[in-house]
Amino acid sequence: MGYRKTLLLSIILSLFLINSDIYGQSKSKEELGNSLVQSILSNNLDSYKALLLPKNEVLKLKESIDLENIDIEERDSLMAQYDSAYDNMIIPRYEKNFWEIVNLNEVNKIDWSNLNFIILYKDSSKEEEYIPFFIHTKLSNSDYNHFYFGAVRYKGEWYLEGKMEITKDEKYAPND
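A short tour of the structure in this document, coming up. Remember, predicted model here, so these are calculated numbers, not experimental data. (Residues numbered from 1 in each chain as written. Predicted model: local features only at pLDDT ≥ 70, side-chain atom pairs only at ≥ 80, totals over all residues. Heavy atoms only, no water.)

### Some remarks on the overall build of the protein chain
- From N to C terminus, the protein chain includes five helices and four strands.
- In the protein chain, the order of α-helices and β-strands from amino to carboxyl end is α-α-α-α-α-β-β-β-β.
- Look at the contacts in the protein chain between residues 6 or more apart in sequence, and 54% of them connect residues 24 or more apart.
- Of the roughly 11,100 Å² that the protein chain leaves accessible, carbon and sulfur atoms contribute 51%. (Helix = DSSP H or I, 4+ residues; strand = E, 2+ residues; numbered from the N terminus. Contact = heavy atoms within 4.5 Å. Areas by Shrake-Rupley, 256 points an atom, 1.4 Å probe, with all protein chains shown as cover.)

So, in structure tokens, the structure goes:
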């Protein structure tokens with residue numbers, strides 16, 4: 001009986017660990033937007049960072065798109081630099097942007113109800129499975145009326161990518 005419990009517990013733990021990487025994946029822009037808003041409202045930096053495209057995927061994309069025709073030694077050196085820059089420069093910028101939005105929300109009591117996320121722009125990409133978007137929703141009943149953020153659909157899942165911004169007036173118009 002003890003062996004079966006151990007085996008069952010091991011299987012459950014393995015499934016949990018396998019699925020923990022997909023915690024931040026969203027099936028739609030709405031799901032991503034709502035998860036982003038939830039992280040802002042709860043001041044939860046970890047849930048916010050879980051919405052970002054995972055570091056290993058960012059590095060794979062960087063290597064496949066930007067370092068195609070470079071010798072192995074130079075490629076390894078550049079990848080090590082990108083890896084370090086991601087941790088030391090890129091993530092801190094995302095964190096700073098998150099805290100700016102959280103602070104703006106707290107100071108101005110922004111109303112996050114009745115959100116309708118629309119795609120303003122779809123950018124081009126060198127990678128077929130990597131499609132960047134710029135998303136917008138209107139905010140009601142507050143001094144700030146517009147929320148913008150960058151997103152990417154990668155391998156069918158949605159991730160946060162790019163800066164978030166809250167503005168009083170419309171700053172970007174849809175790209176027809």
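So, next bit.
### Remarks on the pattern of salt bridges
- In total, this model carries nine salt bridges according to the counting rule given.
- Between Glu95 and Lys49 there is a salt bridge, with the nearest N and O atoms lying 2.9 Å from each other. Here Glu95, found in helix H5 (residues 72–108), pairs with Lys49, found in helix H3 (residues 45–49); they are 46 residues apart in sequence, far enough to count as distant.
- With a relative accessible area of 31%, Lys49 lands in the partly exposed category.
- A salt bridge links Asp87 to Lys55, with the shortest nitrogen-to-oxygen separation between them at 2.6 Å. A residue pair is termed long-range when its members are at least 10 positions apart, and Asp87 in helix H5 and Lys55 in helix H4 (residues 55–66) qualify at 32 residues.
- Salt bridges sharing partners connect three or more residues here, namely Lys55, Asp83 and Asp87. (Salt bridge = Lys/Arg side-chain N within 4 Å of Asp/Glu carboxyl O. Buried < 20%, exposed > 50% of the residue type's maximum accessible area, 1.4 Å probe, protein only.)

### Quick notes on helix H2 (residues 29–41)
- With 13 residues, H2 extends 18 Å from end C-alpha to end C-alpha; this agrees with the ideal 18 Å at 1.5 Å per step.
- Listing the buried residues of H2 in full gives Lys29, Leu32, Gly33, Leu36, Val37, Ser39 and Ile40. Projected down its long axis, H2 carries its buried residues within an arc of 160°, all on one side.
- The inward-facing, buried residues of H2 abut H3, H5, strand S1 (118–122), strand S2 (130–138), strand S3 (146–154) and strand S4 (157–167). (Expected span 1.5 Å × (residues − 1). Arc of directions from axis to C-beta.)

### Concerning the packing of H2 against H5
- One way to put it is that H2 packs onto H5 with a least axis distance of 9 Å and a crossing angle of 70°. Put simply, H2 runs roughly perpendicular to H5. Where H2 crosses over H5, the two elements pack in a sense that is right-handed. Along the contact surface, H2 presents Ser39, Ile40 and Leu41, while H5 presents Phe98, Ile101, Val102 and Asn105.
- Considering only residue class, the contact of H2 with H5 consists of five nonpolar, two polar and no charged. (Axes fitted to C-alpha atoms, helices over the stretch in contact; angles between N-to-C directions. Parallel < 35°, antiparallel > 145°, perpendicular 65-115°, else oblique. Left-handed = near helix turned anticlockwise from the far one by under 90°. Nonpolar A, V, L, I, M, F, W, Y, C, P; charged D, E, K, R; others polar.)

### Topic: the packing of aromatic side chains
- Taken as a whole and assessed by the stated rule, the structure comprises eleven aromatic pairs.
- Arranged with centres 5.6 Å apart and planes meeting at 40°, the rings of Phe147 and Phe149 form a pair that is tilted. For the pair Phe147 and Phe149, one class covers both residues: buried.
- Where Tyr148 meets Tyr172, the ring centres are 4.8 Å apart and the plane angle is 80°; that geometry is what we call edge-to-face. On the criterion of sequence distance, the pair formed by Tyr148 in strand S3 and Tyr172 in the segment after S4 is long-range, its members being 24 residues apart.
- A relative accessible area of 0% means that Tyr148 is categorised as buried.
- Between Lys62 and the ring centre of Tyr82, over which it is positioned, the NZ or CZ distance is 4.6 Å.
- The positively charged end of Lys168 is found above the aromatic ring belonging to Tyr144, 5.4 Å away from the centroid. (Phe/Tyr/Trp six-rings, centres within 6.5 Å; stacked < 30°, edge-to-face > 60°. Lys NZ or Arg CZ within 6 Å of the ring centre and 35° of its normal.)

### Let's talk about a negative patch on the surface
- On the surface, Asp71, Glu73, Glu74 and Asp76 cluster together to form a negatively charged patch.
- Within the fold, Glu74 resides in helix H5.
- A residue is classified by how much of its surface remains accessible, and Glu74, at 42% relative accessible area, is partly exposed. (Patch = residues over 30% accessible without salt bridge, like charges linked within 9 Å, V, L, I, M, F, W, Y side chains within 5 Å. Lys, Arg positive; Asp, Glu negative; His and termini not counted. Charge placed at Lys NZ, Arg CZ, Asp CG, Glu CD.)

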